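Descriptive structure summary
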Amino acid sequence: VQLQAYGGGLVQAGGSLRLSCAASGRTFSSYAMAWFRQAPGKEREFVAAISWSGGSTYYAESVKGRFTISRDNAKNTVYLQMNSLKPEDTAVYYCAADYKLLAGKPTYHYWGQGTLVTVSS
């Protein structure tokens, strides 16, 4: 599967953004999906994950209550709604896919190219 993430940009602290990740192919519902992020000078970290049908979701503690992951299997797309953004949310955000439900484990088989989110204070 090929993944294309988009929707990043510059936003002020307290603002919102919605990231999207479009997947190629006709078997999108076979993949569990996730978002990770990597800030400058830091290692990639888990943000959120969602099961194949969307019935189960997982979040990093740092984004719980502010971010929401969802998916539309008819559109082959996974979303990350980000509210109450903070400067520390600044990072390149990557979507990832795997047949297994890995939740926060960084061993997803497929990765998108990333989209930059910058939150100004």
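Quantities reported herein were computed from a predicted structural model and do not represent experimental measurements.

The rules behind the values
- Residues numbered from 1 in each chain as written.
- Predicted model: local features only at pLDDT ≥ 70, side-chain atom pairs only at ≥ 80, totals over all residues.
- Heavy atoms only, no water.
- Phe/Tyr/Trp six-rings, centres within 6.5 Å; stacked < 30°, edge-to-face > 60°.
- Buried < 20%, exposed > 50% of the residue type's maximum accessible area, 1.4 Å probe, protein only.
- Lys NZ or Arg CZ within 6 Å of the ring centre and 35° of its normal.
- Helix = DSSP H or I, 4+ residues; strand = E, 2+ residues; numbered from the N terminus.
- Lys, Arg positive; Asp, Glu negative; His and termini not counted.
- Salt bridge = Lys/Arg side-chain N within 4 Å of Asp/Glu carboxyl O.
- Polar contact = N/O pair within 3.5 Å; in protein donor to acceptor, adjacent residues only side chain to side chain.
- Contact = heavy atoms within 4.5 Å.
- Pairing = 2+ DSSP bridges.

1. Some points on the packing of aromatic side chains
- Evaluation of the coordinates by the stated rule reveals six aromatic pairs.
- Geometrically, the ring pair formed by Tyr108 and Trp111 is edge-to-face, given 6.3 Å between the ring centres and 75° between the ring planes.
- The class for Trp111 is partly exposed, based on a relative accessible area of 28%.
- Three or more aromatic residues joined by ring pairs form one cluster here, namely Phe36, Phe46, Tyr108 and Trp111.
- If you follow Arg44 out to its NZ or CZ, it ends over the ring of Tyr94, 4.0 Å from the centre.
- Looking at Arg44, its charged tip hangs above the ring of Trp111, at a distance of 4.6 Å from the centre.

2. Examining the side chain of Asp98
- By the element assignment, Asp98 lies in strand E9 (residues 91-98).
- Salt bridges are absent for the buried Asp98, whose nearest opposite-charge side chain, Lys100, sits at 6.0 Å.
- One polar contact links the side chain of Asp98 to the main-chain amide nitrogen of Lys100, over a distance of 2.8 Å.
- When residues no more than four places from it in sequence are discounted, the contact partners of Asp98 are Ser30, Tyr31, Ala32, Trp52, Thr107, Tyr108 and His109.

3. Observations concerning the pairing of strand E8 (residues 77-82)
- By the criterion of burial, E8 is predominantly enclosed, with five of the six residues buried.
- Pairing analysis gives six bridges linking strand E3 (residues 17-23) to E8, with the strands arranged antiparallel. By the bridge assignment, Leu19 is partnered in E8 with Leu80.
- Judged from the six bridges that link them, strand E7 (residues 67-72) and E8 form a sheet pairing that is antiparallel. Its bridge partner lying in E8, Arg71 is registered against Val78.
- In textbook terms, the turn of a hairpin is the stretch between consecutive antiparallel strands, and for E7 and E8 this stretch comprises four residues, one of which, Asn76, has a positive phi near 55°.

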